[in-house]
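# Inside the fold
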Amino acid sequence: MASVHLTGPQVAVAAKPAALGGLRLTPASLAVPTGRRARGLVVRAATVVSPKYTSVKPLGDRVLVKVKTTEAKTDGGILLPVSVQTRPTGGEVVAVGEGRSFGSSTIEISVPVGAQVVYSKYAGTEIEFSDADHLILKEDDIIGILDSDDVKDLKPLNDRILIKVAEAEEQTAGGLLLTQANKEKPSVGTVVAVGPGPLGEDGSRKPLSITPGSNVMYSKYAGSEFKGEDGEYIVLRASDVMAVLS
């Protein structure tokens, strides 16, 4: 988690490396306006919980996740600068709230403590607690449970769907070979796994009509993309699927 200390003309940046193996996304940048002086001002990327507190208890449908750290070196041992270290999108569930209320009943959180999860890129509130980076987010912001290092094993939650993206065409209809830069990104793929369905107003789940093995077309800019060991994958909501192909 990065801290920026502004003390007049000098800016000191201290970074704490943080990553989820195999799942890489571009980190957000922090811009500091020029031409201004600020003495004693401290800008932090996360809320820091005082050491006097020994626990954090999420409420309602919120979940506390201990974020996995980002690799500060490449596989070859080269030290990565902070600007190119990827922001993690996964971690371990360490505490959960009591669940969502539906009238007089409460539906418990479906994600168990200890589960390894993947969550939406910009979800939740970051906090530093017990010398580690954590994230408090809603259960619905969790994409799925991933117990391995390969995204194809991900178990989607709620109304989300895991799709293996079809490979881009290697050549045009006229036979011209396409370079990697000119290959059009496909928006079709094969459904690998589906979630149990969204919660209705009465607290019951409505199963999804899309089934594993189906070939589908989905919205071009929807979902979260991941690179698996055998190709590209995307996780999106069922509402982002436009058609089933056969």
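Residues numbered from 1 in each chain as written. Predicted model: local features only at pLDDT ≥ 70, side-chain atom pairs only at ≥ 80, totals over all residues. Heavy atoms only, no water.

As a reminder, the rule being used: UniProt positions are given in the numbering used here, feature names are shortened, and annotations may be inferred rather than shown by experiment.
Under the annotation held in an unreviewed UniProt entry, the protein chain carries the name 20 kDa chaperonin, chloroplastic and is attributed to Urochloa decumbens. UniProt, in the comment section headed Sequence similarities (unreviewed entry), describes the protein chain in these words: "Belongs to the GroES chaperonin family."

## A short note on the side chain of N158
In plain terms, the rule: Working definition: helices are DSSP H or I runs of at least four residues, strands are E runs of at least two. Numbering for both runs from the N terminus. Note on exposure labels: buried denotes an accessible area under 20% of the residue type's maximum, exposed denotes more than 50%, and partly exposed covers the range between, all computed with a 1.4 Å probe on protein chains only. We call two N or O atoms a polar contact when they sit within 3.5 Å, provided that within protein one can donate a hydrogen and the other can accept it, with sequence-adjacent residues counted only if both atoms are side-chain atoms. Should any heavy atoms of two residues lie within 4.5 Å, those residues are considered in contact.
You can see N158 is positioned in the loop between β13 (155–156) and β14 (160–165). Of the residues examined, N158 reaches a relative accessible area of 9% and is grouped as buried. Of the polar contacts made by the side chain of N158, one reaches the side chain of D140; its length is 3.4 Å. Sequence-distant contacts of N158, defined by excluding residues within four places in its chain, comprise E139, D140, G195, P196, G197, P198, R205 and L208.

## Topic: a negative patch on the surface
Put simply, the rule reads: Nonpolar side chains (Val, Leu, Ile, Met, Phe, Trp, Tyr) within 5 Å and like charges within 9 Å form the patches, drawn only from residues with over 30% relative accessible area and no salt bridge. Here the open area of atoms and residues is found with the Shrake-Rupley method and a 1.4 Å probe, where only the protein chains shown may cover a residue. Salt bridges are defined as contacts in which a side-chain nitrogen from Lys or Arg sits within 4 Å of a carboxyl oxygen from Asp or Glu. Only four residue types enter the tally: Lys and Arg on the positive side, Asp and Glu on the negative side; His and the chain ends are excluded. Note that the charge is assigned to NZ on lysines, CZ on arginines, CG on aspartates and CD on glutamates.
On the surface, a cluster of negative charge is contributed by D147, D149, D153, E229 and D230. Examined against the element boundaries, E229 turns out to sit in the loop between β17 (224–228) and β18 (231–237).

## Side note on the sheet that holds strand β10 (residues 125–129)
Condition: What makes two strands pair is DSSP finding at least two bridges between them.
Strand order in this open sheet of eight strands is β4-β10-β11-β5-β6-β9-β12-β13, and the pairing throughout is mixed. A strand with exactly one partner marks an edge of an open sheet, and here the two such strands are β4 (47–48) and β13. Here strand β9 (residues 116–119) pairs with strand β12 (residues 142–145) via three bridges, running antiparallel. Residue pairing for β12: Y119 is matched across the bridge by I142.

## Observations regarding the nonpolar core
As a reminder of what qualifies: Definition of nonpolar core: a set of buried residues of the types Ala, Val, Leu, Ile, Met, Phe, Trp, Tyr and Cys, connected through side-chain atoms within 4.5 Å.
With 16 residues, the main nonpolar core has V63, V65, V93, V111, V117, L137 and I142 as its most contacted residues. Looking at this core, the elements that each hand over two or more residues are β5 (62–67), β6 (90–96), β9, β11 (132–138) and β12. The element contributing the most residues to this core is β5, with three residues. Among all residues touching I142, those that are not within four sequence positions of it are V63, V111, V117, V118, Y119, L137, L157 and R160.

## Overview of the sheet that holds β18
What counts is decided by this rule: Axis definition: a line fit to C-alpha positions, over the contact stretch in the case of helices; interaxial angles, taken between N-to-C directions, run 0 to 180 degrees.
With antiparallel pairing, six strands are arranged side by side in an open sheet as β17-β18-β14-β15-β16-β19. For this open sheet the edge positions go to β17 and β19 (241–245), each flanked by a neighbour on one side alone. Looking at each pair of strands side by side, their axes are set apart by 40° on average, direction ignored.

## Quick look at the environment of D150
Relative to the helices and strands, D150 is located in the loop between β12 and β13. Sequence spacing of D150 and G228 is 78 residues, and the spatial spacing of their C-alpha atoms is 5.6 Å. Aside from chain neighbours lying at most four places away, what touches D150 is G228 and E229. A polar side-chain atom of D150 sits 3.4 Å from the main-chain amide nitrogen of E229.

## What about the environment of A243?
Relative to the helices and strands, A243 is located in strand β19. Counting along the chain gives 24 residues from A243 to S219, while the straight-line C-alpha distance between them is 9.7 Å.

## Concerning the pattern of salt bridges
Following the criterion strictly, the structure yields three salt bridges and no others. The residue R237 makes a salt bridge to D159 at a minimum N-O spacing of 2.7 Å. On the criterion of sequence distance, the pair formed by R237 in strand β18 and D159 in the loop between β13 and β14 is long-range, its members being 78 residues apart. The exposure class of R237 is partly exposed, given its relative accessible area of 25%. Look at D159 and you get buried, because its relative accessible area is 14%. Counted as one network, the salt bridges with shared partners bring together D140, D159 and R237.

## Let's talk about the pairing of β14
Each regular strand carries side chains that alternate between the two faces of the sheet. Burial of β14 is extensive: five of the six residues sit out of reach of the surface. Looking at chain direction, β14 and β18 are connected through five bridges and run antiparallel. If you follow R160 over to β18, its bridge partner there is R237. Where β14 lies against strand β15 (residues 188–194), five bridges are found, and the strand directions are antiparallel. Counterpart to L162 in the pairing with β15 is A193.

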